[in-house]
Each structure stands twice: as C-alpha cells, then as structure tokens.
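Summary of the model geometry
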Amino acid sequence: MKKLTYLTLFLCLGLYQPLMAQFPGAVEKRSSITLEHGAHRLGKRTDAQMETWRNYGLGQFIHWGLYAIPGGHWNGKYYAGAAEWIRSWKDMPKDAYDNLYKEFNPQNFNAKAWAKQAKDMGARYVIITTKHHDGFCIWPSQYTDYTIANSPYKKDALKEIVEAYESIGIDVYLYFSIIDWNHKGYRSAIPETGEEKRAYEDFKKFTANQLKELLRNYPSTKGLWFDGTWDKAWIEQTAFADSLEAELREMRPGLIIGSRFRADEFGRRHFDSNGDLMGDYEQGWERKLPNTIEDVHGNDWDCVMTIPENQWGYHSEWRGHVKTSVELIEMMAKSVALDGNFVLNFGPDGQGAIRPEETKLAKEIGEWMKVNHEAIYDCGYAGLEKQDWGYITKHRKTGKYYLIVFNIPVSGALRIKLAPGSDIASLYDLAEPNRNYSPEEIHRSKADGNEFFIHLKHKPSQPMVIVLESTDKEQASSVLYEKAKT
Ligand code: FHN
C-alpha cells in the first residue's frame, strides 16, 4: 500500500483517536500505514554510540554568531525578541546586519576556557551552532563567502572548539540551521515560478554540500542537531531530506540525528503519520519538560533550555525571570528521571566571552555535580512511583536508586514506594557515603509492605541525593519501563 490517499489517512487517524485518549503514550504508534519516508526504525537504537548519548545526562548548548555583536540592541533601541533573531526585527537594517561579519573579531574567545568551564559544570557533550538562521558560518565553508574566514578573525573557530572540547573528553555535536537568510535561493515557501524553484534547488544542493563538508572537516564529531526545519518549503522536501539523511548516515556510521530534520510524505514532523519517531531521539522538548514517563513514549529525548525565558544568543540585557542554579539542577534531575538528557544553553558575547551570570551558574551547577554526578551520569528512569519531594533516577548498570530531594515535606519524612516484595538493603547520603541511615530513620509502612518513610535528620540547604540500594535491583525498573514503551 505505497500510495495512500488522504481519505485513508483520515480514516486511520480517526480510528486511532479514541485509543489515543485511553492510552496516552502507547497509541500514537502502530497504525499500519506504509510510509516511504517515515521512521526507518521502531524503538530505541541499541548501539554503543547511542548508549553513550543516552548516558550523558548533562550537556551544554552554545549559540554564538554575528548576533552576539549587537547583543539585542540596535541604534540604542532594545530588541525584546531572542537576540539571535535580531536580523528579523523591523528596526534592524538588513544590510547593517549582513555586514556585521566585517566586525567579527572576538578577542576574548578562548575555546579551551569554554571547554574547561563546561567540564567543570559537569557537561559530557556540547552542541555548537555552526550556522544559525542568519547563515553565517563559524567554519570556513567553501560553499559561501559568508563565513568566519572572511571576518577579521579569519581562523576556523569551529575547529578550535571541537579540538578544545574533545581534548578534555566532551563529545561535540553540530547544530545546523536549515533556514538560511543569507542564501539567495532560500525560501520559506516555494512560489510556483520556474525561476524560484530553480533557486530553491540551488539552496538544497548548497545545504547538502555544507552538511557533507561538516562531516568531512570535523570527523570526530558525534552528531548533527538540526533546527529551522519548520518551513513549508523544507517540509515538502520529503524524499530529498530522507535520502540526504541516509547519505549522511552512510558517510558516518553511528552518526546521531534527532527528530527535527525531515517530515514524512504527509508533512508530519518529529513523529510520522504512524506516530513513530523519525530520528534517533525526540528533539521537541525545547524550553519545556515532559511531566510523566508516558509523555516520552519510550523514546530517547533531550531538553534544550535557556537561562532567561527565551534568549539563546547573547543579549546584553536579560529581562524577566532568570533561572537559578537550583531550578536548573531540578530540571536536569527531572530530565534524567524521565530518561532524557538536559542541555543548558550559553550565549557568549561578540568578543567571545561567557557572561558573568552564566559563569556563576555553571560554577554552582558544577559544585553540585561534583558531589552528586553519580545520580545523573549513566542514569535513567527508575520505574518507581513519582513522589512530591523530588525525583528518582536509577543507575543503568548498578541498579542503585538516587532520590534527588528538592522539597522536604513539613513532616520531615520522605515517602518512597519500592517494587512489590523489595526491601531497602542500604541507604546513605551521596555526600556522606560512609554513614548509613539507621533503622530508626527508616520506617516501613504496615499497611503497604513496600512503602517506606525516610526520616531526615537535618534540613539541607541544597538539593540533596540519597542513595538507595534495593534488595532486588534488577527487576523493579525493567518491568515498569517496558510498560511505558508499549
Ligand atoms: O529559532 C531557533 C532559536 O533561535 C534557537 O536556536 C532554538 C534552539 O533550539 N531553536 C529555534 C527555535 O526552535
């Protein structure tokens, strides 16, 4: 059934709606439409590269490009949007923006210092903007003049970044925007005229060339993180994008690509018309988090998060709510507890310096991670009931549970419900591994045998982690984990 009419699709989806309401999480999957350009795999990737990705826990995102020079202001006026979008502002003359590359000469840029800061924060991977929507490339692309090679800086900043991060053990992923405001052939929708169509064909070729160039020039990088793929024109390039993805994967076995690259033949993005994920992990969790394990449908996923409400590139004046390190640590804990990675964004300024607010947060997160990283790295969904005091993660190899506590109940007792029939074998604070909780501090519920109350001795000032080793480490989470995947 290769050729599917819209009517058939409509009927299939109609049938599935009631099911979806009954079983959120399970349903969107497995209608039986045969798609030529839908998901090419069902379920998670199980190879070593993806296993590494799954176990990162914490990553860093970097948005750095020409937009960092105006930093959210032009001619003394404040731009209220995201700084990296300033070119689209009516008060920003396009010509002035497009000539900013002549001023790009970041004298404080030190890739090693960025990498060291990320490492100290606890990041295990970085996603770096090679080219944002403005089209400016921080590598010397041979397919356009709009690159760092023609700026006063001249050098290949991407190479410096890749080398610096990898040299201290941080994996690098390349952010790439399909939207390119600088390319003559780029369109958000393709008008009908032949000339316009030809221009867009040139743009597609250019996009493919740049992507292959990135993989060739930076062969040690681990994956591509796509953005700007929501335009109608790109959504319609189903077959082209599918075959380009296949080519990229062939060029680099093990390459990791999220769900934000291509659409299926019905224009569905991220999840195809059968509800199956198109890509190696779900890439739709931007500035938001899932609430329950059902929300992630048994897929790998990442959450990319800004520190202010919505600023990715450097904006010299942050307004509104700026997240604290405790909020960010809580988001990271929640991500890992729901089987995802948490990626925190940084926007270095036009001179290449990371702003003091970001440096302070990175330091605070790093201090917490120094003590508690064991609860984040190589951990995932624990398969236990969610509790109001915080989040539970489980180490994928050792089976240890980590109770990451953010809200101490007034009673001072933390409730935890283990898998039926299991008991607490040992319980201690990660910060104080040599002191086990005493039997007086752990009460087993009489009404419900696998429910326990942990009585805290003191009220911590920081989110704390309690390690729990259960008598049946293995069985508990795998059973419930499977349940989430159906
Ligand atoms: O428009 C971009 C935005 O500037 C930023 O790069 C984020 C990062 O995920 N992505 C787009 C919005 O979804």
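Residues numbered from 1 in each chain as written. Predicted model: local features only at pLDDT ≥ 70, side-chain atom pairs only at ≥ 80, totals over all residues. Heavy atoms only, no water.

This brings us to the overall build of the protein chain. Summing up its helical and strand segments, the protein chain has 11 helices and 19 strands in all. Relative to its length of 486 residues, the protein chain is compact, with a C-alpha radius of gyration of 24 Å against a globular reference of 23 Å. Once the C-alpha set of the protein chain is aligned to its principal axes, its extents read approximately 75 × 60 × 40 Å. The burial tally for the protein chain puts 57% of its 486 residues in the buried class. Long-range contacts, defined here as pairs at least 24 residues apart, represent 71% of the contacts in the protein chain between residues at least 6 apart. Counting every atom, the protein chain has about 20,900 Å² of accessible surface; 53% of that belongs to carbon and sulfur. In the protein chain, the 61 positive side-chain charges and the 67 negative ones have mean positions that sit 1 Å from each other. (Helix = DSSP H or I, 4+ residues; strand = E, 2+ residues; numbered from the N terminus. Rg over C-alpha atoms; globule rule 2.2 N^0.38 Å. Buried < 20%, exposed > 50% of the residue type's maximum accessible area, 1.4 Å probe, protein only. Contact = heavy atoms within 4.5 Å. Areas by Shrake-Rupley, 256 points an atom, 1.4 Å probe, with all protein chains shown as cover. Lys, Arg positive; Asp, Glu negative; His and termini not counted. Charge placed at Lys NZ, Arg CZ, Asp CG, Glu CD.)

This paragraph deals with the UniProt feature "domain: Glycoside hydrolase family 29 N-terminal" (unreviewed entry) in the protein chain. Taking the numbering used here, the UniProt-annotated feature "domain: Glycoside hydrolase family 29 N-terminal" (unreviewed entry) corresponds to residues 48–374. Structurally, residues 48–374 is divided into 32% helix and 14% strand, and its ends, taken at the C-alpha atoms, are 20 Å apart. (UniProt positions renumbered as here; feature names shortened; annotations may be inferred.)

When its domains are assigned, the protein chain resolves into domain 1 (48–378) and domain 2 (382–471). Computed over C-alpha atoms, the centres of domain 1 and domain 2 are 37 Å apart. In this assembly, 18 residues from domain 1 lie in contact with 16 residues from domain 2. Taken together, the two surfaces of domain 1 and domain 2 that pack against each other cover about 1,600 Å², and 58% of this comes from carbon and sulfur. Applying the counting criterion to the domain 1 and domain 2 interface returns 1 salt bridge. When the shortest N-O distance is used, the salt bridge between Asp-339 and Arg-396 registers 2.9 Å. The tally of links from domain 1 across to domain 2 stands at 8 residue pairs in polar contact (both at pLDDT 80 or more). Listed by contribution, the elements that provide at least two residues to the side of domain 1 that touches domain 2 are helix H9 (325–337) and helix H10 (356–372). (Domains from an automatic or database assignment. Buried area = accessible area lost by both parts, 1.4 Å probe. Salt bridge = Lys/Arg side-chain N within 4 Å of Asp/Glu carboxyl O. Polar contact = N/O pair within 3.5 Å; in protein donor to acceptor, adjacent residues only side chain to side chain.)

Before going further, it helps to spend a moment on the sheet that holds strand E17 (residues 442–444). Adjacent strands of a sheet pair through backbone hydrogen bonds, lying either parallel or antiparallel. What the 3 strands build is an open sheet, ordered E14-E18-E17; its pairing is antiparallel. Of all the strands in the sheet, just strand E14 (413–417) and E17 have a single pairing partner and so form its edges. Across the sheet, the mean angle separating the axes of adjacent strands is 25° when strand polarity is ignored. As judged from the 3 bridges shared by E17 and strand E18 (residues 451–455), these two strands associate in the antiparallel manner. The residue of E18 that forms the bridge with Arg-444 is Phe-452. (Pairing = 2+ DSSP bridges. Axes fitted to C-alpha atoms, helices over the stretch in contact; angles between N-to-C directions.)

Any aromatic ring pair is given by two values, namely how distant the centres are and how the planes are angled relative to each other. Across all of its chains, the model carries 28 aromatic pairs by this definition. Between Tyr-79 and Trp-89, the ring centres sit 5.0 Å apart and the planes meet at 35°, which makes this aromatic pair tilted. Taken together, the residues Tyr-79 in the loop between strand E3 (77–78) and helix H3 (94–98) and Trp-89 in the loop between E3 and H3 connect sequence positions 10 residues apart. Centroid distance Phe-109 to Tyr-153: 6.0 Å. Interplanar angle 70°. Geometry classified as edge-to-face. Separated by 44 residues along the polypeptide, Phe-109 in the loop between H3 and helix H4 (111–121) and Tyr-153 in the loop between strand E4 (125–131) and helix H5 (157–167) bring together distant segments of the chain. Among the aromatic residues, those joined into a cluster by ring pairs are Trp-64, Tyr-101, Phe-104, Phe-109, Trp-114, Phe-136, Tyr-146 and Tyr-153. The aromatic ring of Tyr-377 is capped on one face by Arg-124, whose charged end is 4.0 Å from the ring centroid. (Phe/Tyr/Trp six-rings, centres within 6.5 Å; stacked < 30°, edge-to-face > 60°. Lys NZ or Arg CZ within 6 Å of the ring centre and 35° of its normal.)

As a structural note, the neighbourhood of the ligand is formed by 13 residues, with His-63, Glu-84, His-132, His-133 and Asp-227 the closest of them. A distance of 2.6 Å separates a nitrogen atom of the ligand from a polar side-chain atom of Asp-227. A distance of 2.8 Å separates an oxygen atom of the ligand from a polar atom in the side chain of Glu-286. Isolated, the ligand exposes 320 Å² of accessible area, and the fraction of that covered by the protein chains is 89%. Of the residues contributing to the shell around the ligand, the split by class is 6 nonpolar, 3 polar and 4 charged. (Near = heavy atom within 4 Å. Nonpolar A, V, L, I, M, F, W, Y, C, P; charged D, E, K, R; others polar.)

What follows covers the pattern of salt bridges. Pairing between side chains of opposite charge can happen when their charged atoms approach one another. All told, the structure shown has 36 salt bridges when counted by the stated rule. Note that Asp-120 and Lys-116 form a salt bridge whose closest N and O atoms lie 2.6 Å from each other. In this pair, Asp-120 and Lys-116 both sit in helix H4, 4 residues apart, roughly one turn of the helix. Residue classification places Lys-116 among the partly exposed positions, given a relative accessible area of 49%. Taken together, the shared-partner salt bridges connect Arg-41, Arg-45, Asp-47, Asp-242, Glu-245, Arg-249, Arg-262 and Asp-280 into one network.

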